[in-house]
Amino acid sequence: MHFQEILQHYGYAGVFFIIFVEAIGFPFPAETTLTLAGIEWSKGVFHLVPLWLMGCLGNLVGSAVAFFIGWFLGRPVVLYFGKYVGITDQKLDMVNERFQRYELAVIFIAKFIAGVRIIVPYLAGINRMNPAKFFAVNTIAAIVWSGAFIIAGKYIGEEVSRYWPFLKHHLWLAAILAAILVALFIAFRRWERKKMHGSAPDAKRDGAER
């Protein structure tokens, strides 16, 4: 069953479950789910307040589970079970180094980075971070994160509804425009790489001359 069908079938409970499971560490597309839920909101399937509430609660409950697993069971257990969902020793160390230096900023920013988002609550528990501080910042981050993707989904849904009749009758034009945009993006990336590789030898040459 497609995620959009799950949302339509299970409603708010489906949103809560997908966001909750992703917060624990399972590779579910949380941002995609919230965006699709926002699109469904634009169609009148959902209402904003309960939808936003389920998005926040799903993440907060999942993060709380991860926090207390880290707190009571520690790093070995997190790594043992984490290997099944992509949490490796190297990833944990890399994120932990930044977490110990910038706790509050990492909790907030990590909410918007898939993969890192699920590691941070475990690290907060492993490092025995003050629970009140963690849950306060995590709650603010969850509200902003879920709201941003839900509202983005609403506007995407409205724009698609507005322009779909035109696009449906001019699919060839849409395909050409999409191909041009993709080609421009690829060309820009290649130019960017060449520029970076070109500047590296110059920097080495300057250093050698000195």
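Here is what the cut-offs are and how they apply
Residues numbered from 1 in each chain as written. Predicted model: local features only at pLDDT ≥ 70, side-chain atom pairs only at ≥ 80, totals over all residues. Heavy atoms only, no water. Helix = DSSP H or I, 4+ residues; strand = E, 2+ residues; numbered from the N terminus. Buried < 20%, exposed > 50% of the residue type's maximum accessible area, 1.4 Å probe, protein only. Contact = heavy atoms within 4.5 Å. Core = buried A, V, L, I, M, F, W, Y, C linked by side-chain atoms within 4.5 Å. Axes fitted to C-alpha atoms, helices over the stretch in contact; angles between N-to-C directions. Parallel < 35°, antiparallel > 145°, perpendicular 65-115°, else oblique.

(A) Broad picture of the overall build of the chain. When its secondary structure is counted, the chain shows 8 helices and 0 strands. Secondary structure of the chain in N-to-C order comes out as α-α-α-α-α-α-α-α. Looking at the 210 residues of the chain, the share that counts as buried comes to 34%. Contacts spanning at least 24 positions in sequence make up 77% of the contacts within the chain whose residues lie at least 6 apart.

(B) Summary view of the nonpolar core. Of all hydrophobic cores here, the largest spans 21 residues; its most connected members are Phe99, Ile107, Ile119 and Val120. Mapped by element, the contributors of at least two residues to this core are α3 (48–82), α4 (89–101), α5 (103–110), α6 (116–126) and α7 (131–169). Broken down by element, the residue count for this core peaks at 6 residues, all from α6. Residues within four places of Ile119 in sequence aside, it is in contact with Ile87, Lys91, Leu92 and Val95.

(C) Region of interest: the packing of α4 against α5. Between α4 and α5, the shortest axis-to-axis distance is 5 Å and the interhelical angle comes to 125°. When the axis of α4 is compared with that of α5, the two are oblique. Every residue of α5 that contacts α4 at Arg98, Phe99 and Arg101 is listed here: Glu103, Val106 and Ile107.

(D) Inspection of the side chain of Ser63 at higher detail. Within the fold, Ser63 resides in helix α3. The residues touching Ser63, leaving out its near neighbours within four places in the chain, are Ala23, Lys111, Pro121, Phe134 and Asn138.

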